[in-house]
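Overview (structure and organization)
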Amino acid sequence: MRVWFITGASRGFGALIAQEALAAGDGVVATARNPAGLAEKFGNHPNLLPVALDVSNETQAHEAAAEAVKRFGKIDILVNNAGYGLLGAVEEATAEEIEKLYATNVFGLLKVTRAILPHMRRQRSGHVINMSSVGGYQSFAGWGVYCSTKFAIEGLSEAMAVELQPLGIKVTVVEPGFFRTDFLDESSLAVSPSSIADYRDTPAGAMRDFAAGHNHRQPGDPARLAKSTITLAHSANPPLRMPFGSDTVGAIEAKNEYVAKELADWRELAVSTDFPKDAA
């Protein structure tokens, strides 16, 4: 039996992945700020351990990890799922909004990961799955600050994959596109109230209207992503990056093509800054 530790398990991807893991016969440590509703959501399942966890609280993260190991004896899969979005141009976001977003999306992920890794190192096994976004590979107008948190997760995941591989621990960063979850609802998305008139007719302003109009009309099926995550976690050789959704695949292909062309156009200037090859 594999044991999952899932943050933000009360709704969205976290809840769906927890349900699929339980259905697969795995053990699940389902965490949420308020775990009271977790047992009600998942039932009185013998393989379920609901745990209170605010990911921004490092002490609580270590306590939750210890409780998981006490119950199940190990942690095989960490799913860093807790997080939320922030919509608005970069200039529109306040310092308070930015700091609060980073406290959950980046620093919270780090605190939980640091609490879980000692147990995985002791086992010499484990799989860290960090939930990023298509916005972790390509940034978009109106989502700059949010995307920056996901870019941070991508950078951390790349380094961790190299650092942890010799210790038997795998790392995958998951990049969902637009899925029909509650991500665009008020429960998961903060919209910067300090709207600046100059951005109204720019791509950043248009994104506010786009987000409002596409809530629950996204192309991705969350249930299929949850099932695919089980397949991913049970794989013997999981990828470093796992894009989910045709929109993510398209965005990655388009960005790769753009970067390759830009590099070719500016290659001569790029390499001109090296010392001459015959320099002492």
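Of the regular secondary structure elements, the chain holds nine helices and nine strands. Relative to its length of 280 residues, the chain is compact, with a C-alpha radius of gyration of 20 Å against a globular reference of 19 Å. For the C-alpha atoms alone, the extent of the chain along its principal axes is close to 60 × 55 × 35 Å. Taking all 280 residues of the chain together, the buried fraction comes to 44%. A separation threshold of at least 6 residues defines the contact pool for the chain, and within that pool the share at least 24 residues apart is 72%. Per element, the accessible surface of the chain, about 14100 Å² overall, is 55% carbon and sulfur. Each charge class in the chain was averaged separately, 26 positive and 32 negative side chains, and the resulting centres sit 9 Å apart.

One can find Asn47 in the loop between α2 (36-42) and β3 (48-52). The residues contacting Asn47, other than those within four sequence positions of it, are Met1, Leu22, Gly25, Asp26, Gly27, Val28, Arg71 and Phe72.

Attention shifts here to unusual backbone geometry. In most cases, non-glycine residues show a negative phi, while peptide bonds are predominantly trans. Phi at Arg124 is positive, roughly 60°, even though this residue is not glycine. With respect to the helices and strands, the residue Arg124 is situated in the loop between α5 (107-123) and β6 (126-131).

What follows covers the pattern of salt bridges. A full pass over the atoms with the stated rule returns ten salt bridges. Glu20 is the salt-bridge partner of Lys227, the closest N and O atoms lying 3.2 Å from each other. One end of the pair, Lys227, is in helix α8 (residues 222-233); the other, Glu20, is in helix α1 (residues 12-23), and 207 residues separate them in sequence. Using a relative accessible area of 48% as the deciding quantity, one classes Lys227 as partly exposed. The shortest N-O distance in the salt bridge between Lys74 and Asp76 comes to 3.2 Å. Overall, Lys74 belongs to the partly exposed group, its relative accessible area being 29%. Residues participating in the shared-partner salt-bridge network are Glu154, Glu158, Glu175 and Arg241.

Another point: α5. In an α-helix there are 3.6 residues to a turn, and that puts residues three or four apart on one side. Its 17 residues place the ends of α5 25 Å apart at the C-alpha level, agreeing with the 24 Å of an ideal helix rising 1.5 Å per residue. Maximum bend of α5: about 30°, positioned at Leu117, with proline Pro118 one to four residues after it. Directly after α5, the chain includes Arg124, whose backbone phi takes a positive value near 60°.

Take the sheet that holds strand β4 (residues 77-80) next. Taking strand neighbours across the sheet as the criterion, the seven strands line up as β3-β2-β1-β4-β6-β7-β9 in an open arrangement whose pairing is parallel. Of all strands in the sheet, those with a lone pairing partner are β3 and β9 (241-244), marking the two edges. If you compare each strand with its neighbour and ignore which way they point, the axes differ by 20° on average. As defined by bridge partners, strand β7 (residues 169-176) adjoins β9 across four bridges and the pair is classed as parallel. When the sheet's bridge partners are listed, Val174 is paired in β9 with Met242. Taken strand by strand, α8 contacts β1 (3-6), β4, β6, β7 and β9, and its axis lies near 150° from that of β6.

Rules used throughout
Residues numbered from 1 in each chain as written. Predicted model: local features only at pLDDT ≥ 70, side-chain atom pairs only at ≥ 80, totals over all residues. Heavy atoms only, no water. Helix = DSSP H or I, 4+ residues; strand = E, 2+ residues; numbered from the N terminus. Rg over C-alpha atoms; globule rule 2.2 N^0.38 Å. Buried < 20%, exposed > 50% of the residue type's maximum accessible area, 1.4 Å probe, protein only. Contact = heavy atoms within 4.5 Å. Areas by Shrake-Rupley, 256 points an atom, 1.4 Å probe, with all protein chains shown as cover. Lys, Arg positive; Asp, Glu negative; His and termini not counted. Charge placed at Lys NZ, Arg CZ, Asp CG, Glu CD. Salt bridge = Lys/Arg side-chain N within 4 Å of Asp/Glu carboxyl O. Expected span 1.5 Å × (residues − 1). Bend = angle between axes of the 7 residues up to and from the residue. Pairing = 2+ DSSP bridges. Axes fitted to C-alpha atoms, helices over the stretch in contact; angles between N-to-C directions.

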